[in-house]
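# Chain and residue survey
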Amino acid sequence: MEYSWEYTEDQVEMWSDMVENLAEIASSHPHLAYSNFISSLKFKWVYLQRTIPDSADSFQRLEDAIRNRLIPKLIGRPCSDMERKIFALPIREGGLGLDNPVETAPVFYKNSEHVTEPLVLNILELDENKKTIHEVEKEIAERRLECSVKEMKRQKALREAVCKEEEKWTRTLFLNMETGASSWLSARPLEIFNRELSKSEFTDAMCLRYGFEINGQFSECVCGKQNGADHALSCSTGGFTILRHNEIRDTLADIITHAGYKGVEIEKVLQPVNPDDYPRSVNTAPDARSDVYAIGLWRGLQGAHVDVAVFHPTAPSYRGKDPKSLYKMNESRKKRDYQQRIREAERGAFTPFVMATSGGSGPEAGRLIKKLASRISTKHKDKYAEVINFLRTRIRFCLLRSTLVSLRGTRKKFTTPPPIAMCDFTD
């Protein structure tokens, strides 16, 4: 046991130095550093934790390096005790997957001991009922599944404990847990797919994810109202809300085209109608148009119209409402504006594609993404799970980048200079 203790100490010292080096990289490239940690570095000590008992105390130095050196570089601010608990949660539970090695050591060893027990008993011939290797493998698989379920319940209990201790995190973690909202964190930052975030972009994205204050923003918006993250993502001045909408529209049109649908159009003008034939709530304007149009999206040669809406779920007017109801509210508004006119005048189908700035999507949008993923996976003979993950990640990065631009983009109006032909260069 003395040797195993010394070996653990040496390994922890080496891993702590690796985290320190990674923290230095995070000073200029936090996205790359974070991706390296969650996809590679943190698995280096898992095997040791599974095989050596009572090793939790030895990992305190590694935890100190993660909390005091790496995390502040990633989020741009010191980390509190409550935030450390949240960051230790899996990405799917609203965290960052930055495990606390002191806490995981006893859990991993206990699970490993439980899973390998049938094999140990069989090797030592201590089991009264001698089992074949296939029976042992089956029992190990069952125990491994049992431990996975137990670990998921443990993580869920930790998240619920955090929300119970500080209720303000309940809404934040719920938004982070929505399907597709956290796909940008688990995706590798590949430049070829435009997934690599700069230092300021990654830090701002972290602040938006957990509701931290955005540093460096002007205290007052050019529209005259007090500035902040919630205002910047809702203010129409400067055209950033339209930019965000158009980015999603164009990306969606490109995906539909890639799926093989014909007649894809952007901003297709609807046929003129008589306003007296429709309720006042229906948009009967002569220049009304849908964002994306395609043939055969839902049925045969029927035309399908898709209209995009992006809302900010933590805006002051939305804070007291259930996030799920916000999607239904925005979908209902879009259907009220367009569905009857498209169904009767165009004889087509209508789908509202509603997304939140946090990355979640409405039921109708989710149904459309699944439809496109199924079509693409069948057409290109790819795995459905990989295709739908790719589509969600692509849409999420598109939304994330346009959202980050809204935070930092200038909203000032500049005077247009005179044309060059009118300039006198003799002076």
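Everything below is about the structure shown above.
Calculation notes
- Residues numbered from 1 in each chain as written.
- Predicted model: local features only at pLDDT ≥ 70, side-chain atom pairs only at ≥ 80, totals over all residues.
- Heavy atoms only, no water.
- Helix = DSSP H or I, 4+ residues; strand = E, 2+ residues; numbered from the N terminus.
- Buried < 20%, exposed > 50% of the residue type's maximum accessible area, 1.4 Å probe, protein only.
- Contact = heavy atoms within 4.5 Å.
- Lys, Arg positive; Asp, Glu negative; His and termini not counted.
- Charge placed at Lys NZ, Arg CZ, Asp CG, Glu CD.
- Pairing = 2+ DSSP bridges.
- Phe/Tyr/Trp six-rings, centres within 6.5 Å; stacked < 30°, edge-to-face > 60°.
- Axes fitted to C-alpha atoms, helices over the stretch in contact; angles between N-to-C directions.
- 1 Å grid on protein atoms, 1.4 Å probe; cavity = no way out; pocket = protein on both sides within 12 Å on 5 of 7 lines; lining within 4 Å.
- Points joined across faces, edges and corners; volume = space filled by probe spheres on them.
- Nonpolar A, V, L, I, M, F, W, Y, C, P; charged D, E, K, R; others polar.
- Core = buried A, V, L, I, M, F, W, Y, C linked by side-chain atoms within 4.5 Å.
- Salt bridge = Lys/Arg side-chain N within 4 Å of Asp/Glu carboxyl O.
- Disulfide = S-S within 2.5 Å.

## Description of the overall build of the protein chain
- When you go through the protein chain residue by residue, the secondary structure sums to 15 helices and four strands.
- Every one of the 427 residues in the protein chain was classed for burial, and the buried ones make up 47%.
- Counting only contacts in the protein chain whose residues sit at least 6 apart along the sequence, the fraction spanning at least 24 positions is 69%.
- Of note, the protein chain has its 63 positive side-chain charges centred 8 Å away from the centre of its 60 negative side-chain charges.

## Section: the pairing of strand 4 (residues 349-356)
- Summarising burial for strand 4: eight of the eight residues are buried, a large majority.
- Of the two faces of strand 4, the one holding Ala-349, Thr-351, Phe-353 and Met-355 and the one holding Phe-350, Pro-352, Val-354 and Ala-356 are both buried throughout.
- Alignment of strand 3 (residues 303-311) against strand 4, held across eight bridges, turns out to be parallel. By the bridge assignment for strand 4, Phe-311 is matched with Ala-356.

## A short note on the packing of aromatic side chains
- Scanning the entire structure with this criterion turns up 12 aromatic pairs.
- Centroid distance Phe-311 to Tyr-327: 5.3 Å. Interplanar angle 75 degrees. Geometry classified as edge-to-face. Residue Phe-311 is found in strand 3, and its partner Tyr-327 is found in helix 13 (residues 323-346); the two are separated by 16 residues along the sequence.
- Taking the relative accessible area as the measure of exposure, Phe-311 reaches 4% and is therefore buried.
- A residue is classified by how much of its surface remains accessible, and Tyr-327, at 4% relative accessible area, is buried.

## Things to note about the sheet that holds strand 4
- Taken together, four strands build an open sheet; the order of strands is 1-2-3-4 and the sheet is mixed. Looking at the sheet topology across the chains shown, the edges are occupied by strand 1 (262-269) and strand 4. On average, each strand axis in the sheet is tilted by 25 degrees relative to the strand beside it, whichever way the strands run.
- When strand 2 (residues 289-295) meets strand 3, the two strands line up antiparallel, connected through four bridges. What sits directly across from Val-292, in strand 3, is Val-306.
- Helix 14 (residues 363-380) contacts strand 3 and strand 4 of the sheet and is inclined by roughly 110 degrees relative to strand 4.

## Quick word on the layout of surface pockets
- Put simply, the largest pocket is a space of about 1000 Å³.
- Along the walls of the largest pocket sit 38 residues, with Asp-99, Phe-108, Glu-151, Arg-154 and Gln-155 positioned nearest its centre.
- It is helix 7 (residues 133-165) that provides the largest number of residues to the lining of the largest pocket, a total of 11 residues.
- Its residues placed into classes, the lining of the largest pocket shows 16 nonpolar, nine polar and 13 charged.
- A breakdown of the residues in the lining of the second largest pocket according to their chemical character gives 13 nonpolar, nine polar and seven charged.

## Considering the nonpolar core
- Counting 55 residues, the largest nonpolar core has Tyr-34, Phe-37, Phe-59, Phe-87 and Leu-98 as the members making the most contacts within it.
- Top contributing element to this core by residue count: helix 4 (residues 60-75), with seven residues.
- In contact with Phe-37, not counting residues within four places along its chain, are Val-19, Leu-22, Lys-42, Trp-45, Ile-66, Leu-70 and Leu-98.
- The next biggest cluster of nonpolar side chains, apart from the first, holds 27 residues, and it includes Ile-256, Leu-391, Ile-395 and Cys-398.

## Focus: the pattern of salt bridges
- Summed over the entire model, instances satisfying the criterion amount to 19 salt bridges.
- Across the pair Arg-69 and Glu-24 runs a salt bridge whose closest N-O atoms are separated by 2.6 Å. A residue pair is termed long-range when its members are at least 10 positions apart, and Arg-69 in helix 4 and Glu-24 in helix 1 (residues 2-26) qualify at 45 residues.
- Arg-77 serves as the salt-bridge partner of Glu-83, at 2.8 Å between the closest nitrogen and oxygen.
- Under the relative-accessibility criterion, Glu-83 is labelled buried at 8%.
- Assessed through its relative accessible area of 29%, Arg-77 is described here as partly exposed.
- One network of salt bridges, in which partners are shared, links Glu-13, Asp-17 and Arg-61.

## Regarding unusual backbone geometry
- Phi is positive for Asp-54, which is not a glycine, with a value near 50 degrees.
- Structurally, Asp-54 is set in the loop between helix 3 (46-51) and helix 4.
- On the basis of relative accessible area, Asp-54 is assigned to the exposed category, the value being 78%.

## Considerations on the environment of Thr-237
- Position of Thr-237 among the secondary structure elements: in the loop between helix 11 (229-232) and helix 12 (240-258).
- Classification of Thr-237 as partly exposed rests on a relative accessible area of 25%.
- Note: C-alpha distance between Thr-237 and Thr-410 (173 residues apart in sequence) is 9.6 Å.

## Details of the state of the cysteines
- Tallied over the full model, the rule gives zero disulfides.
- Not engaged in a disulfide, the cysteine Cys-207 finds its nearest cysteine sulfur in Cys-79; these two sulfurs lie 13 Å apart.

## Overview of the side chain of Thr-403
- Topologically, Thr-403 is positioned in helix 15 (residues 384-408).
- With residues up to four places along the chain from it excluded, the contact list for Thr-403 reads Leu-208, Leu-233, Arg-244 and Thr-357.

## Thoughts on the pairing of strand 2
- Most of strand 2 is tucked away: five of the seven residues are buried.
- As paired elements, strand 1 and strand 2 share five bridges and run antiparallel to each other. Bridging from a neighbouring strand, Val-269 pairs with Arg-289 of strand 2.

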